[in-house]
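Coordinate analysis (summary)
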Amino acid sequence: MTARNILLRKISTHAFAIHEYRLFLDTHPKDEQTIAKIAECEEKLRPLVEEYEKKFGPLRMNNDNTRKWTWVNDPWPWEGE
Amino acid sequence: MFVYEKRLQYPVKIKQTNPKLAQIIITQYGGPDGELGASLRYLSQRFSMPVPELKATLNDIGVEELGHLEMIGAIVYQLTKNLTEEQIKAAGFDSYFVDHTTGVYPSSAAGVPFTASYIQVKGDPITDLHEDMAAEQKARTTYDNILRYCDDPDVIDPIRFLREREIVHYQRFGESLRILTDKLDSKNFYAFNPSFDKKCFAKEKNNRK
């Protein structure tokens, strides 16, 4: 696996945990333990996203803060590279 | 509003092409219990949902389904990459190929194009939530059937992930239904349509006082 894919996999793991907690909170909005777990995951996710975007380009359009429009660069997520 | 994130919800990396399998899996792209229908169903039903938790659940699951649609598209795309004309013929993929080449078109495994008649928006939250729970189970069965035809671990892995999501969504919709009925008169949940007849929540307010 490439360094890019290893990092992307780490990002997806934490992002998935956050998503799953959020869905749970939609039907249990008063569950403070789960809200605290989201904060923990976000703490771990933030530096990974920063590292990824610095090395491989933006994950979201509005995160592109260079003067070059790197959003268009390959690979796109469905290409399996 | 939607913001695109340039990654899949779960990775799809398929090394071995398999057009026969692509033709089966495409049913979760545009078939009767597929991800396109799921997404449209929830994102449309949310407008007439009367309770905050239910609006949130339909909204957020509907958005996740768009991510699943993308994953299925990626699987079909990667399973049909760099095919030769001989491989296409041998796999029986020629009937799809003649209309769409190797583009990803929303249709069922039998080639029936996607139609909105796969979904319903009844405007009654009890009815809509029952449809949603059934839809998750139908999609789960479809993934179980797809897994019968998979022997490539690169395909099995993301399909299993998607199958598990159906079960989690089923759970969330079940909780949504309970949240709703807890607010209604247990002597007759069906006396009113909770989206249209707002007075059905009056009793709950009186109870709180």
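Read on for a plain summary of the structure. Note that the structure is predicted; figures quoted are calculated from it, not measured. (Residues numbered from 1 in each chain as written. Chains lettered and ligands numbered in written order. Predicted model: local features only at pLDDT ≥ 70, side-chain atom pairs only at ≥ 80, totals over all residues.)

Examining the overall build of chain B
Regarding its fold elements, chain B presents nine helices and zero strands. Of the regular secondary structure in chain B, the N- to C-terminal order runs α-α-α-α-α-α-α-α-α. If you line up chain B on its principal axes, its C-alpha atoms span 75 × 35 × 30 Å. By the burial criterion, 34% of the 209 residues in chain B qualify as buried. (Helix = DSSP H or I, 4+ residues; strand = E, 2+ residues; numbered from the N terminus. Buried ≥ 20, exposed ≤ 12 C-beta atoms within 10 Å, placed from the backbone.)

A closer look at the environment of A:E50
Residue and element names in this part refer to chain A. Here E50 shows up in helix α2 (residues 32-56). Taking the number of C-beta atoms within 10 Å as the measure of exposure, E50 has 11 and is therefore exposed. On a C-alpha basis, the gap between E50 and N63 in space is 9.5 Å, while along the polypeptide they are 13 residues apart.

Notes on the packing of helix α1 (residues 3-27) of chain A against helix α4 (residues 52-79) of chain B
Taken N-terminus to C-terminus, the directions of α1(A) and α4(B) make an angle of 155°; their axes are 8 Å apart at the nearest point. Taken as axis vectors, α1(A) and α4(B) run roughly antiparallel relative to one another. Of the two possible hands of crossing, α1(A) and α4(B) adopt the one that is left-handed. Where α1(A) approaches α4(B), its residues A:H19, A:R22, A:L23, A:D26 and A:T27 are matched on the opposing element by B:E53, B:A56, B:T57, B:D60, B:I61 and B:E64. Across the contact of α1(A) with α4(B), the residue classes tally to three nonpolar, three polar and five charged. (Axes fitted to C-alpha atoms, helices over the stretch in contact; angles between N-to-C directions. Parallel < 35°, antiparallel > 145°, perpendicular 65-115°, else oblique. Left-handed = near helix turned anticlockwise from the far one by under 90°. Contact = placed C-beta atoms within 7 Å. Nonpolar A, V, L, I, M, F, W, Y, C, P; charged D, E, K, R; others polar.)

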